[in-house]
Amino acid sequence: MPIKAPVLFLLLSLALLLAMAWALGAGSIALSWAEIWQGLWQPQSPQGLLIWQLRIPRLLAAACCGGLLALAGALMQLLLRNPLADPAILGVSAGASFVALSALGLGLGAAGLPLYSFAGALAAIALVLLLADVRRGWQAQRVLLTGVVVAAGFGAGISFWLTLSSDLRLHSMLFWLMGDLSDADVPVGPAVGLGFALLCACLLAGACNLMLRGELAAQALGVPVAAVRWWLFLLACGCTALAVSLGGNLGFIGLVAPHSLRLFGVWDQRILLPACCLLGAVLLVLADTAARLLLAPVQIPVGVLTAAFGVPLLLYLLRQQAYGGRDA
Amino acid sequence: MLRLSNLRLERGAKPILQALTWQVAAGQVWGVLGANGAGKSSLLQALVGLLPVAGGAIEWLGRPLQHWHPRERAGRLCFLAQDQIADLPIRLRDWLLLSRYPHQGRWGRESAADRAVVDAVMQRAHLSHLADKWTSQLSGGERQRMALAGVLVQQAPWMILDEPTNHLDLHHQMTLLPQLIEASHSGGGALIMSLHDVNLAEQFCSHCLLLLADGQTLAGPVAEVLTAESISRIYRYPIEVITGPMGRVFVPQR
C-alpha cells in the first residue's frame, strides 16, 4: 500500500528533528535535553559554545550535504534512466577529488578546499560535456560512458597524488576521499544552492514523471525533453559539486535515499524529489553522529558508515520485485 | 487533414525518404508497410514532430506541425513508440495515469476524472487485474497491451502507432485494434500504423503506404495498393494472393 504524501513528509520531518536532537546531544561530552535547551539560549555558556561552535555547524553541514547528495542521485537516475546512477557516476566527484588532492599535495592548505573541489567538479562537468560531444545530440549512453571514463582518468590522478604524498598529508587526503564532515563550517552557500535546486526540481517534477516512460514517449506526450534534460543535468551536477565541496567523496546516500522511497511505492517525482532530500539529510546526520561516537575519541570518516549501511540496503533492494527480483 | 509535401528524411547522414507527398484525411486508417530498415519508424516519428525533417513540410489540421505547442498537439495527436519501458519502478496504473499529462494544466494534478478514464480503459483492455503490478513484472505482451491502453487513455483521436501488434497474441490483436480504430473514428481523427502483417493491413486498414526498397513509395486504398506484385516487391520474396469467402489472404510461396 503506497504511503500518503502528507504522512510521509510528517514522518520524515519528525525523523530529521529527532536525528538533529541526537546529534546535538551526543558526543565526547554528552549533553542532556535540559543542557541542550540551556545551551541553545545561552551561546556564551560552555554548553552553548560546544553547541553553537561545533555541533550545529557540523549538523547543518551533514543535513545539507545529505539533502544535496540524495537529490543529485534521484536526478541522475532520471537523467540517465539508470537505477544505478549516483552522484559520482559522471565523474563530477572524481574531478573534485583530483583538484582537491592536488591542492593538498601542493601544500595549498585545507582552508580553500571547498573552493578547489567545487572548481574541480565544474571542470569535470565541462570535460564530460565536451568529450561526450553533446552538441551533436544527447545520447544518454554516450554521456554515461564518457562520465565513467572521465572518472577513471581522475581516479588515476588521485592515486598518483596518494603515492607521492607524505604520511601527514596522506591522512587528510584519505579522510577527504572517504567523505568527512569534521571540519565543516555553517554551509551558507550550499544551503542556498540546495534550496534553489529543490525549487527547480519541484517545478520540473511533473515533466520528470513523463521521463520515466522514455524520452521519445515523453516528447510525444508534450514534454520539452531537450530543455528538461539540460535542467536535470545542470541541477544534478551542481548539487554534486556543492555536496563534494562540503563533505568530500561521500557514497551511497544518492542511491539509498531515492531507492528506499521508491520501495515504499513513491514513484511520483513531485513527492519523491523533496522527500528524498529530507531522507538524505536524516541519513547523513545519523551517520555522521554515529561516526563521531563509534570509536570515540577516534573519529572515523562518515563515508565508511554510509557504505556500511548502504551496501546491505542496496543488495536488499535489488531483490525486490520492483527491480525485477522475485521477492515480494 | 495531415498533409506531407516533398518530405525528405535523413537519419544521421543516411537518406531514408526522398520526396514523399501524402495526404491523410480524418476517418481513414492507414497501414504503413515496408521491409526492415525501410524507414517506417522514422516516418512515423516525423509525423509527430519527434524527428526533424531534412526537407519539405508537414501540415496538420491547417497548421505547420512545428507551430503546434507540444502539449496542445499531444492532446489531439498521440504516438505509440516501440518498446516503451520504464527503467525505474512504477506500477501499471500510475504508468497509464501519465498519459493524461496533455490534458492537465501546467501545474495540474490528476483529477478524479483522469483516474476514472484509466479505470475504464484498464477494464476494456483486460488489464484491471494487473493494475498494481510493477511494469518490470509484466510479460512482453502485457507490456504492449499497457502501451496500447496508454493510447486510449490519452484520448487523442489522431493516432500514430509504431507496430501496435508487436508481441500481441491473436486474441488481443483482434480485440484491441478495433477499439483503437473506433476511438479514433469517434473523436474525428485518423489512425496511421506500421505493420508487419499484410493480412492485418488488409483486414483493418482503409489505405496503405508502401515503402519500397529503392526509396520509392506507393500510397492509396488497400484494394488498389496491396497486390501480390507490390507486396513481393516490398519484402523481395514471392507472395501469392488467395481469395476466399473472408476476402483476400496474402501467403508467402514455398
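Note that the structure is predicted; figures quoted are calculated from it, not measured. Per chain, residue numbering runs from 1 following the sequence as it is written. Chains carry letters and ligands carry numbers; both start at the beginning, A for chains and 1 for ligands, and go up in the order they are written. Since the coordinates come from a predicted model, pLDDT governs what is reported: local features require at least 70, and pairs of side-chain atoms require 80 or more to be given and counted, while whole-chain, interface and lining totals use all residues.

Participant: So what exactly am I meant to see when it comes to the overall build of chain B here?
Facilitator: The numbering of helices and of strands both runs from the N terminus, where a helix is a DSSP run of H or I of at least 4 residues and a strand a run of E of at least 2. Looking only at helices and strands, chain B has 9 helices and 12 strands in total. Taken over the C-alpha trace, chain B has a radius of gyration of 19 Å; the compact-globule value for 254 residues is 18 Å, and the two agree within 12%. Counting only C-alpha atoms and orienting by the principal axes, one finds that chain B spans roughly 50 × 40 × 35 Å. Here chain B holds 254 residues, and 41% of them are scored as buried. By definition, residue pairs are in contact when their C-beta atoms, positioned from the backbone, come within 7 Å. Looking at chain B alone, contacts between residues at least 24 apart form 65% of all its contacts between residues at least 6 apart. When we talk radius of gyration, it's over C-alpha atoms, and the globule rule is simply 2.2 Å times the number of residues to the 0.38. Whether a residue is buried, exposed or partly exposed follows from its count of other C-beta atoms within 10 Å of its own C-beta, namely 20 or more, 12 or fewer, or something in between, respectively; the C-beta atoms are built from the backbone.

Participant: Any chance you could explain the pairing of strand β8 (residues 191-194) of chain B here in plain terms?
Facilitator: The side chains of a regular strand alternate between both faces of the sheet. Residue and element names in this part refer to chain B. Because side chains alternate across β8, one face comprises the buried residues Leu191 and Met193, and the other comprises Ile192 and Ser194, equally buried. Bridge analysis of strand β3 (residues 29-34) against β8 gives 4 bridges, and the strand direction is parallel. Bridge assignment links valine 29 to a residue of β8, and that residue is leucine 191. In the sheet, strand β7 (residues 158-162) pairs with β8 via 4 bridges, with the strands oriented parallel. Note that in β8 the partner of isoleucine 160 across the bridge is isoleucine 192. Consider the strands pointing away from the viewer: the crossover is right-handed when the path from the first strand over the helix to the second runs clockwise. Considered for its hand, the β-α-β crossover made up of β7, helix α6 (residues 170-186) and β8 is right-handed. Only strands joined by at least two bridges in the DSSP assignment are considered to pair.

Participant: Can you help me understand the sheet that holds β8(B) in this one?
Facilitator: Strand pairing in a sheet takes place through backbone hydrogen bonds and is either antiparallel or parallel in direction. Residue and element names in this part refer to chain B. Within the open sheet, the 6 strands sit side by side as β6-β7-β8-β3-β9-β10. Their pairing is mixed. Both outer strands of the open sheet, β6 (77-80) and β10 (217-221), are each paired with one neighbouring strand and no more. Between one strand axis and the next, the sheet turns through 10° on average, direction left out of account. Pairing of strand β9 (residues 207-211) with β10 involves 5 bridges; the strand directions are antiparallel. Each residue of the ladder has a partner; that of leucine 209, found in β10, is alanine 219. The axes are straight lines fitted to the C-alpha atoms, using for helices just the contacting stretch, and the angles between their N-to-C directions are given from 0 to 180°. Where helix α1 (residues 40-47) meets the sheet, its contacts fall on β3, β7, β8 and β9, and the angle it forms with β8 comes to roughly 155°.

Participant: Could you clarify how one ought to interpret the pairing of strand β1 (residues 2-11) of chain B in this entry?
Facilitator: Residues and elements named next belong to chain B. In this sheet, strand β2 (residues 14-24) lies alongside β1 in antiparallel orientation, the contact comprising 7 bridges. Counterpart to arginine 3 in the pairing with β2 is glutamine 23. Pairing of β1 with strand β4 (residues 55-60) involves 5 bridges; the strand directions are antiparallel. Residue pairing across strands places arginine 3 opposite glutamate 59, the latter belonging to β4.

Participant: Explain the interface of chain A and chain B here, please?
Facilitator: Note on interface size: it is often stated as the accessible area lost on association of the parts. The interface of chain A with chain B comprises 22 residues on the first partner and 25 residues on the second. Mapped onto the side of chain A that touches chain B, the elements with two or more residues apiece are α8 (188-211) and α9 (215-220) of chain A. Ranked by residue count, the leading element in the side of chain A that touches chain B is α9(A), at 4 residues. Within the side of chain A that touches chain B, the residues separate by chemical class into 11 nonpolar, 8 polar and 3 charged. Under the convention adopted here, Pro, Cys and the residues Ala, Val, Leu, Ile, Met, Phe, Trp and Tyr are nonpolar, Asp, Glu, Lys and Arg are charged, and Gly plus all remaining residues are polar.

Participant: What is the right way to look at the environment of B:Leu98 in this model?
Facilitator: Summarising the element assignment, B:Leu98 is placed in the loop between α3 (92-97) and α4 (112-124). Counting along the chain gives 38 residues from B:Leu98 to B:Trp60, while the straight-line C-alpha distance between them is 25 Å. In this structure B:Leu98 touches A:Asn209, A:Leu210 and A:Arg213, once residues within four positions along its chain are discounted.

Participant: When you look at the packing of helix α1 (residues 5-25) of chain A against helix α12 (residues 269-293) of chain A in this model, what are you seeing that I'm missing?
Facilitator: A pair of packed helices is captured by two measures, namely the crossing angle of their axes and the spacing between those axes. All names here are of chain A. Closest axis-to-axis distance for the α1/α12 pair is 9 Å, and the angle between their directions is 20°. Taken as axis vectors, α1 and α12 run roughly parallel relative to one another. Note on packing geometry: the crossing formed by α1 with α12 is left-handed. Side by side, α1 and α12 meet where Ala5, Leu8, Phe9, Leu12, Ser13, Ala15, Leu16, Ala19, Met20, Trp22 and Ala23 of the first sit next to Ile271, Ala275, Leu278, Leu279, Ala281, Val282, Val285, Leu286 and Thr289 of the second. For the contact of α1 with α12, the residue count by class is 18 nonpolar, 2 polar and no charged. Our angle categories are set so that under 35 degrees counts as roughly parallel, over 145 as roughly antiparallel, 65 to 115 as roughly perpendicular, and the remainder as oblique. Take the far helix as the reference: if the near one is turned anticlockwise from it by less than a right angle, the crossing is left-handed, and if turned clockwise, right-handed.

Participant: Would you take a moment to explain the sheet that holds strand β5 (residues 63-64) of chain B for this structure?
Facilitator: Residues and elements named next belong to chain B. In space, the 4 strands of this open sheet follow the order β2-β1-β4-β5, with antiparallel pairing throughout. In this open sheet, the two strands that pair with only one neighbour each are β2 and β5. Note that β4 and β5 share 2 bridges and pair antiparallel. Looking at the pairing, glutamate 59 lines up with proline 64 of β5. Where α1 meets the sheet, its contacts fall on β1, β2 and β4, and the angle it forms with β1 comes to roughly 125°.

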